[in-house]
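# Survey of secondary and tertiary structure
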Amino acid sequence: WGSNRSGRLGLGPGHDHEEMVLTPQRVPNLPGGARAIAAGGRHAAALLRKGRLFLTGDNSCGQLGQSRSETTEVSTFQELPMNDYSLRVR
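The rules behind the values
Residues numbered from 1 in each chain as written. Predicted model: local features only at pLDDT ≥ 70, side-chain atom pairs only at ≥ 80, totals over all residues. Heavy atoms only, no water. Buried < 20%, exposed > 50% of the residue type's maximum accessible area, 1.4 Å probe, protein only. Helix = DSSP H or I, 4+ residues; strand = E, 2+ residues; numbered from the N terminus. Pairing = 2+ DSSP bridges. Contact = heavy atoms within 4.5 Å.

## Some details on the pairing of strand E5 (residues 53-58)
In regular strands, side chains alternate between the two faces of the sheet. The element E5 is largely enclosed, with a buried count of 6 among its 6 residues. Summarising the sheet, strand E4 (residues 43-48) and E5 pair through 5 bridges and their orientation is antiparallel. Directly across from Leu47, in E5, lies its bridge partner Leu53. Hairpin connection between E4 and E5: a loop of 4 residues separates the two successive antiparallel strands, and Gly51 in this loop has a positive phi of roughly 90 degrees. As judged from the 4 bridges shared by E5 and strand E6 (residues 73-79), these two strands associate in the antiparallel manner. Considered in E6, the bridge of Gly57 is made with Val74.

Shown next, in the form of structure tokens:
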């Protein structure tokens, strides 16, 4: 719950019109439990137990690891592809 500006809560298009979400919500589209969660000014990240990284929110400066020309913001968590490197979770 909290500010949902730029879709930073990752709740999906059904909540895009809501500036503030006042109660806890189940986050859709995360394929597993989160080991760590981090939030920036207008974006958020969820690191899953198996090392997969998902991001949502504002991408105007490339915060989501995607080209700014592809998307400026997303309101659902998107997986950051890790084709050339791996991430270990301890």
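## A look at the environment of Ala46
Mapping Ala46 onto the fold places it in strand E4. In the structure, Ala46 is positioned 35 residues away from Leu11 in sequence and 13 Å away in space, judged by C-alpha atoms. Residues contacting Ala46, with those up to four places away along its chain left out, are Leu30, Ala36, Arg52, Leu53, Phe54 and Phe77.

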